[in-house]
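As a plain string of letters, each chain reads:
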Amino acid sequence: MNILGIETSCDETAAAVVRDGRETLSNVVFSQIPLHKPWGGVVPEIAGRSHVEKIGGVVEEAVSSSGVGWGGIDAVAVTCGPGLAASLLVGLNAAKGIALALGRPLYGVNHIEAHLHTPFLSPGAPDPLSCSPMLGIAVSGGHTAWMDMERYGSYSIIGQTLDDACGEAFDKAAKLLGLGYPGGPEIDRISRSARRAVRFDFPRAAPRPGTTALGGLDASLCVSFSGLKTSLLHLVRNSPPSTPEEIADIAASYQDAVVDAIALRTERALERRRYAALAVGGGVSLNSALRERLAAVASAAGTPLLLAEPRYCGDNAAMIAGLAFYRRAVEAEFSAGMDVMPSLRPGDDPFAERAGGRK
Ligand code: KG4
Ligand code: ZN
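Computed from a prediction, not measured in an experiment: that's the story for all the values here. Once a new chain begins, its residue numbering starts again from 1 and follows that chain's sequence as written. To read the labels, note that chains go from A and ligands from 1, taken in the order they are written. Only residues with pLDDT of 70 or above have their local features reported here, since the model is predicted, and side-chain atom pairs are shown and tallied only from 80 upward, although totals for entire chains, interfaces and linings are computed over all residues. Only heavy atoms go into the side-chain values, all of them from the structure, while hydrogens and water stay out.

Chemist: I keep staring at the overall build of the protein chain and nothing clicks. Help me out?
Modeler: For the protein chain, the helix and strand inventory stands at 12 helices and 10 strands. By the compact-globule yardstick of 21 Å for 359 residues, the protein chain fits well, its C-alpha radius of gyration being 20 Å. The buried share among the 359 residues of the protein chain stands at 53%. Across the protein chain, every contact between residues at least 6 apart in sequence was considered, and the portion connecting residues at least 24 apart equals 74%. Positive charges come from Lys and Arg alone, negative charges from Asp and Glu alone, with His and the N- and C-terminal ends not counted. Charged side chains are reduced to one point each, which is NZ for Lys, CZ for Arg, CG for Asp and CD for Glu. Across the protein chain, 33 positive and 38 negative side-chain charges occur, with their mean positions spaced 3 Å apart. Secondary structure counts use DSSP, requiring at least four H or I residues in a row for a helix and at least two E residues in a row for a strand, with both numbered from the N terminus. In this description the radius of gyration comes from C-alpha coordinates, and the expected globular size is given by 2.2 Å times residues to the power 0.38. Any residue under 20% of the maximum accessible area for its type is buried, any over 50% is exposed, and the rest in between are partly exposed; the area is computed with a 1.4 Å probe on protein chains only. Here a residue-residue contact requires only that any non-hydrogen atoms of the pair lie within 4.5 Å.

In structure tokens:
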């Protein structure tokens, strides 16, 4: 079954054709990073307008380079949320039009869950249905969440950030340090040149005890990055770094604190339950220090670690088409009433939402 996936939740216009959930036939991503760079962050209005300009060409290219042509598309999948409303609407409307014109089913996909499908797009990866129960970590510019998956497609959040996402923590730190946008790759890069002997002490992102933001979640599996960012702000204000070496040392210590926070929560989750696999997805999973730390944590727990190939770590549509294949049994009807869900949380099911209830 060939599914055409469409993704426009933030600042990438993407389309892909994936066969049977695992085999990527085409994967086209138009990144808007140069458009947002001058502003130091994603500007929603610019993002929405660029999606409108690019979506047609990106979809055409994905279908033609897939080799199957329009006639070979069996279904259409699209990101319903979470994301920027004006951006999501562009992808959803394109997907509706295509599904209607082709007379094919349309599936709405949760973007965060789709990130966790990315490790399974690699040829050597195991079958996701054989990896139960699985611990999933979504680490991106918009989300940081630990998900317990009893079986593939059935998620419950066991930990998350109470404020900024880890990617946001990197992007904001890079801005404070005068580095480029997006900040994560910059911090990763310059941290490699840091002097090991020079360390700055940043807080380890533990939530305030008893905070109501936990909403019933266990504090030891949650993170709060806002204090970390504030402590960097104070450091930069009180003693501004004046050389590239000093900036690199601060960046490396900050990166350590973020990576440490994620690794520690993961270690705790793996201690609590024996998982068949640990799957990690999202742009921050490109971080070299995080990849190393998670490999060590997973190996100590004896849990196989499933990381995505770099081309699938950032936003892409192969993950949307891939996940839809596994979720398609839930509902296969084209729905003209399908709508965007900008505030969808990990574990929220767009299929159930449309059917009038929540899992
Ligand atoms: O998954 P993604 O492309 O978009 C969202 O769904 O948010 O993630 C983008 C985030 C940005 O915050 C970016 O700075 C971060 O991923 N990122 C990194 C690295 N590469 C991208 N963070 C740390 N280290 C990296 N190498
Ligand atoms: Zn994403």
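There's more to say after this.
Chemist: Before we go on, may I ask you to explain the confidence of the model for the protein chain in this structure?
Modeler: Close inspection of predicted coordinates is inappropriate for parts of the model with low pLDDT. Averaged over all residues, the pLDDT of the protein chain equals 92, while 95% of them reach at least 70. Per-residue confidence from the prediction method is given by pLDDT, with values spanning 0 to 100. Below pLDDT 50 for its whole length, residues 353–359 participates in 21 contacts with residues either more than four positions away or in separate chains.

Chemist: I'm lost on the coordination of the zinc ion (ligand 2) in this one. Help?
Modeler: We call an atom a donor if it is N, O or S and sits within 2.8 Å of the metal, or 3.2 Å for Na, K and Ca. Water is not counted, so some sites may look partial. For the zinc ion (ligand 2), the full set of protein donor atoms is His111 (NE2), His115 (NE2) and Asp315 (OD), at a range of 2.0 to 2.1 Å. Each label reflects the angles at the metal, where four donors whose angles all fall between 85 and 135 degrees are tetrahedral, four or six donors whose opposite pairs open beyond 155 degrees and whose other angles stay between 65 and 115 are square planar or octahedral respectively, and the rest are irregular. The coordination sphere of the zinc ion (ligand 2) comprises 4 donor atoms, whose angles at the metal cover 96 to 136 degrees; the geometry is irregular. Sequence positions of the residues that donate to the zinc ion (ligand 2) give the spacing H-x3-H-x199-D. Here the residue His111 and the residue His115 both occupy positions in helix H4 (residues 111–117), the gap between them amounting to 4 residues, near one helical turn.

Chemist: Mind showing me how you'd approach the site of ligand 1 here?
Modeler: The nearness test applies per residue and asks whether one of its heavy atoms lies within 4 Å of the molecule or strand. Around ligand 1, the surrounding shell holds 20 residues, and the nearest of these are Gly141, Asp171, Asp188, Gly283 and Asn287. Think of a polar contact as two N or O atoms within 3.5 Å of one another; within protein, one of them needs to be a possible hydrogen donor and the other a possible acceptor, and neighboring residues in sequence only count if both atoms come from side chains. Contacts to ligand 1 include Asp188, whose side-chain N or O atom sits 2.9 Å from a nitrogen atom. Contact between ligand 1 and Asp315: an oxygen atom at 3.1 Å from a side-chain N or O atom of the residue. About the coverage of ligand 1: the protein hides 87% of its 560 Å² of free accessible area. In terms of residue class, the shell around ligand 1 is made up of 6 nonpolar, 11 polar and 3 charged. Each accessible area is a Shrake-Rupley estimate made with a 1.4 Å probe; only the visible protein chains count as cover when residues are assessed. Three classes are used, and their members are as follows: Ala, Val, Leu, Ile, Met, Phe, Trp, Tyr, Cys and Pro are nonpolar, Asp, Glu, Lys and Arg are charged, and the others, Gly among them, are polar.

Chemist: Mind showing me how you'd approach the side chain of His36 here?
Modeler: One can find His36 in helix H1 (residues 33–36). Excluding its chain neighbours within four sequence positions, the residues that come into contact with His36 are Asp11, Gly41, Val42, Val43, Ile46, Ala47 and Tyr181.

Chemist: I would appreciate a short explanation of the pairing of strand S4 (residues 75–81) in the present structure.
Modeler: In regular strands, side chains alternate between the two faces of the sheet. Among the 7 residues of S4, 7 are classified as buried, and the element is accordingly described as predominantly covered. Note: S4 against strand S5 (residues 106–110), 5 bridges, orientation parallel. Following the sheet pairing, Val76 is matched in S5 by Leu106. Handedness of the crossover is the feature at issue here: the chain leaves S4, passes through helix H3 (residues 85–102), returns alongside S5, and the resulting connection is right-handed. Think of it this way: DSSP has to see at least two bridges between two strands before they count as a pair. By the criterion used throughout, a crossover qualifies as right-handed when its path from the first strand across the helix to the second strand runs clockwise, the strands pointing away from the viewer.

Chemist: Sorry if this is basic, but what is going on with the nonpolar core here?
Modeler: The nonpolar side chains of a soluble globular protein tend to be buried with one another. Joining through side-chain atoms within 4.5 Å is the link that ties buried Ala, Val, Leu, Ile, Met, Phe, Trp, Tyr and Cys residues into a set, and such a set is a nonpolar core. Residues Val139, Phe202, Phe225, Leu232, Tyr254, Val258 and Ile262 are the most contacted members of the largest nonpolar core, which totals 45 residues. Contributions of two or more residues to this core are made by strand S6 (134–139), helix H5 (166–176), helix H6 (183–191), helix H7 (226–238), helix H8 (244–272), strand S9 (277–281) and helix H9 (288–301). Take this core: its biggest share by element is 14 residues, from H8. With residues up to four places along the chain from it excluded, the contact list for Val258 reads Cys166, Phe170, Phe225 and Leu228.

Chemist: What exactly am I supposed to notice about the sheet that holds S5 here?
Modeler: The strands making up a sheet associate through backbone hydrogen bonding, with each pair oriented either parallel or antiparallel. With mixed pairing, 5 strands are arranged side by side in an open sheet as S3-S2-S1-S4-S5. Of all strands in the sheet, those with a lone pairing partner are strand S3 (23–31) and S5, marking the two edges. In this sheet, neighbouring strand axes are inclined to one another by 20 degrees on average, regardless of whether the strands run parallel or antiparallel. Running over the sheet, helix H2 (residues 44–66) touches strand S1 (2–7), strand S2 (12–19) and S3 and is turned about 20 degrees from S2. The angle between two axes is taken between their N-to-C directions and runs from 0 to 180 degrees, where each axis is a line fitted to C-alpha atoms and a helix contributes only its stretch in contact. Contacting S1, S2, S3, S4 and S5, helix H11 (residues 318–327) crosses the sheet at an angle of about 130 degrees to S1.

Chemist: Help me out: how do you make sense of the packing of aromatic side chains in this one?
Modeler: Two descriptors summarise a pair of aromatic rings, namely the distance from one centre to the other and the angle between the planes of the rings. Pairing of aromatic side chains requires ring centres within 6.5 Å, counting the rings of Phe and Tyr and the six-membered ring of Trp. Pairs whose planes differ by under 30 degrees are stacked, by over 60 edge-to-face, and all others tilted. Per the counting criterion, the structure on display carries 4 aromatic pairs. Plain terms: the ring middles of Phe120 and Tyr152 are 5.7 Å apart, the flat faces sit at 80 degrees to each other, and that makes the pair edge-to-face. Of the two residues, Phe120 is situated in the loop between H4 and S6 and Tyr152 in the loop between strand S7 (144–151) and strand S8 (154–160); the sequence distance between them amounts to 32 residues. Taken as a pair, Phe120 and Tyr152 share a single burial class, namely buried. Between Phe202 and Tyr254, the ring centres sit 5.6 Å apart and the planes meet at 80 degrees, which makes this aromatic pair edge-to-face. A residue pair is termed long-range when its members are at least 10 positions apart, and Phe202 in the loop between H6 and H7 and Tyr254 in helix H8 qualify at 52 residues. Taking relative accessible area as the criterion, Tyr254 reaches 0% and is therefore assigned buried. A network of ring pairs unites the aromatic residues Phe120, Tyr152, Phe325 and Tyr326 as a single cluster.

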